[in-house]
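The residues making up each chain are set out below.
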Amino acid sequence: MFPWAFSHLSGSHQKIFQHHEASRGFIRHETIRHKLRAPEVPKDFITCYLSQITKAMDDPVSIFNEENVIQVVIDLFLGGTDTTATTLHWALIYMVHHGAIQERVQRELGEVLGTAPAVGYEDRERLPYTHAVLHEVQRLSGVVAVGAVHQCVTSTCMCSYYMPKGTIILPNLASVLYDPQCWETSQQFNPGHFLDKDGNFAVNEAFLPFSAGHRVCPGEQLARMELFLMFATLLPTFRFQLPEGSQGLRLEYVFGGTLQPQPQEICAVLRLSNLSPRK
Ligand code: HEM
């Protein structure tokens with residue numbers, strides 16, 4: 001009700017405000033550094049944004065300005081770090097939990113990539129099982145269970161629901177990712193959800209971890225690439241397993257901005273079969 005009042009109250013939120021201010025200061029500094037550089041072919045986000053500010057200078061309703069570039073960069077870091085890291089964390093936990101699936105991924109990676117020095121994103125097409133496993137990780141972990149808050153800019157009707165202009169919408173992504181009508185074993189880890197009967201990768205329309213529509217996650221392609229490259233690089237090199245004497249995995253999530261795994265120990269054991277060829 002009174003968001004401004006927070007800055008006058010003591011508490012741990014003050015630490016968040018301090019970090020936020022430090023991040024803003026850093027990005028502001030980077031923006032100034034970019035402006036001082038000699039004009040060049042735009043090759044990073046801030047340079048592109050600054051050139052857009054110049055192009056839109058005569059547009060009275062332009063939203064491109066130097067305050068916004070700071071917030072947009074913050075949004076990209078906020079949206080793009082925890083989500084991808086948490087998904088990878090879940091991927092390793094599921095691989096420990098489903099040892100046979102982990103071995104099958106390692107077998108496929110070994111057979112297809114052989115002694116190739118590094119995996120490329122284009123290799124996913126030759127790695128249908130690995131690709132399906134990663135999709136299943138994203139589906140079952142449902143890291144972003146509820147999409148961003150939206151508001152109807154005009155009155156509309158969807159699936160017989162009338163939504164007047166101004167209605168606040170919170171897309172429940174978990175409802176589709178676990179919908180028993182869309183997934184054969186919706187509550188279980190099953191890479192078969194993304195494979196056809198011949199073992200080829202198969203798209204499922206209900207796979208919407210990045211949401212959909214105009215406001216679909218702008219980092220979707222980057223996230224998919226990062227996840228694939230990290231997963232397909234880690235799995236041939238290490239076997240992931242529980243440490244000796246472990247009580248077992250804890251699969252329940254901790255609810256926060258994203259659905260986090262519980263803190264727990266897993267071991268990355270170097271696979272002897274893979275010691276030599278990769279550089
Ligand atoms: C596994 C990784 C990721 C998942 C599951 C994910 C998921 C999502 C979802 C569900 C939304 C809300 C879409 C909506 O309904 O409006 C969203 C928004 C957003 N994501 Fe991601 N995301 C991921 C990675 C990334 C990355 C790598 C970036 C950028 C580098 C990013 C940047 C953003 C931003 C800026 C928004 C807000 C977009 C807007 O307000 O229009 N995300 N993401």
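Residues numbered from 1 in each chain as written. Predicted model: local features only at pLDDT ≥ 70, side-chain atom pairs only at ≥ 80, totals over all residues. Heavy atoms only, no water.

Enquirer: Quick question: what am I supposed to make of the coordination of the iron atom of the ligand here?
Expert: In an ideal octahedron of six donors the angles at the metal are 90 or 180 degrees, and in an ideal tetrahedron of four donors they are 109.5 degrees. For the iron atom of the ligand, the sole protein-derived donor is Cys217 (SG), lying 2.3 Å away. Along the chain, cysteine 217 turns up in the loop between helix 7 (173-177) and helix 8 (220-237). (Donors = N, O, S within 2.8 Å, 3.2 Å for Na, K, Ca; no water. Helix = DSSP H or I, 4+ residues; strand = E, 2+ residues; numbered from the N terminus.)

Enquirer: What is the right way to look at the nonpolar core in this model?
Expert: Core analysis: the biggest nonpolar cluster contains 34 residues, and Met95, Val133, Phe189, Phe231 and Leu235 have the highest contact counts within it. When residues of this core are traced back to their parent elements, those giving at least two are helix 4 (82-97), helix 5 (99-113), helix 6 (128-141) and helix 8. The dominant element in this core, judged by the number of residues it contributes, is helix 4, at eight residues. Ignoring any residue separated from it by four or fewer positions in sequence, one finds valine 133 in contact with Met95, Ile101, Val105, Phe189, Pro191 and Phe231. (Core = buried A, V, L, I, M, F, W, Y, C linked by side-chain atoms within 4.5 Å. Buried < 20%, exposed > 50% of the residue type's maximum accessible area, 1.4 Å probe, protein only. Contact = heavy atoms within 4.5 Å.)

Enquirer: Help me out: how do you make sense of the site of the ligand in this one?
Expert: Near the ligand you find 22 residues, and of these Gly79, His150, Ser211, Arg215 and Cys217 are the closest. Between the ligand and serine 211 there is a distance of 2.9 Å, counted from an oxygen atom to a side-chain nitrogen or oxygen. One of the side-chain nitrogen or oxygen atoms of arginine 215 is found 2.5 Å away from an oxygen atom of the ligand. Where the shell around the ligand is concerned, the elements lending two or more residues are helix 3 (66-80), helix 4 and helix 8. No other element matches the four residues that helix 3 contributes to the shell around the ligand. (Near = heavy atom within 4 Å. Polar contact = N/O pair within 3.5 Å; in protein donor to acceptor, adjacent residues only side chain to side chain.)

Enquirer: Honestly, the side chain of aspartate 123 in this entry has me stumped. Any pointers?
Expert: Among the secondary structure elements, aspartate 123 is positioned in the loop between helix 5 and helix 6. Each residue touching aspartate 123, except ones within four places of it in the same chain, is listed here: Leu113, Ala118 and Phe228.

Enquirer: Looking at this structure, I do not really get the packing of helix 2 (residues 45-55) against helix 3. What am I missing?
Expert: Packed helices, taken two at a time, are described by the angle their axes make and the gap between the axes. Two elements in contact, helix 2 and helix 3, have axes separated by 10 Å at closest approach and are oriented at 150°. With respect to each other, helix 2 and helix 3 are oriented roughly antiparallel. The crossing of helix 2 and helix 3 is right-handed. Contacts between helix 2 and helix 3 pair Phe45, Ile46, Tyr49, Leu50 and Ile53 from the former with Glu66, Asn68, Val69, Val72, Val73 and Leu76 from the latter. (Axes fitted to C-alpha atoms, helices over the stretch in contact; angles between N-to-C directions. Parallel < 35°, antiparallel > 145°, perpendicular 65-115°, else oblique. Left-handed = near helix turned anticlockwise from the far one by under 90°.)

Enquirer: When you look at empty space enclosed by the protein in this model, what are you seeing that I'm missing?
Expert: Taking a probe equal in size to a water molecule and rolling it over the atoms shows the remaining empty space. Scanning the entire structure with this criterion turns up one cavity of 30 Å³ or more. Approximately 90 Å³ is the volume attributed to the largest cavity. Lining the largest cavity, in full, are Tyr121, His131, Leu134, His135, Gln138, Arg224, Leu227 and Phe228. Put simply, the parts of the chain that give the lining of the largest cavity at least two residues each are helix 6 and helix 8. (1 Å grid on protein atoms, 1.4 Å probe; cavity = no way out; pocket = protein on both sides within 12 Å on 5 of 7 lines; lining within 4 Å. Points joined across faces, edges and corners; volume = space filled by probe spheres on them.)

Enquirer: I keep staring at a nonpolar patch on the surface and nothing clicks. Help me out?
Expert: Taken together, the side chains of Phe6, Leu9, Ile16 and Phe17 define a hydrophobic patch exposed on the protein surface, amounting to about 400 Å² of accessible area. Assignment of secondary structure puts phenylalanine 17 in helix 1 (residues 13-36). (Patch = residues over 30% accessible without salt bridge, like charges linked within 9 Å, V, L, I, M, F, W, Y side chains within 5 Å. Areas by Shrake-Rupley, 256 points an atom, 1.4 Å probe, with all protein chains shown as cover. Salt bridge = Lys/Arg side-chain N within 4 Å of Asp/Glu carboxyl O.)

Enquirer: Looking at this structure, how should I read helix 3?
Expert: If you check helix 3, its first and last C-alpha atoms are 21 Å apart, about what 15 residues at 1.5 Å a residue would give, namely 21 Å. Among the residues making up helix 3, those that are buried are Val69, Ile70, Val73 and Ile74. The arc enclosing the buried residues of helix 3, seen along the axis, measures out at 135°, which places them on a common side. The inward-facing, buried residues of helix 3 abut helix 1 and helix 2. The residue sitting at the N-terminus of helix 3 and contributing the capping side-chain oxygen is asparagine 65; that oxygen lies 3.1 Å from the backbone nitrogen of glutamate 67. (Expected span 1.5 Å × (residues − 1). Arc of directions from axis to C-beta.)

The quantities given are spatial measurements derived from coordinates; they are silent on function.
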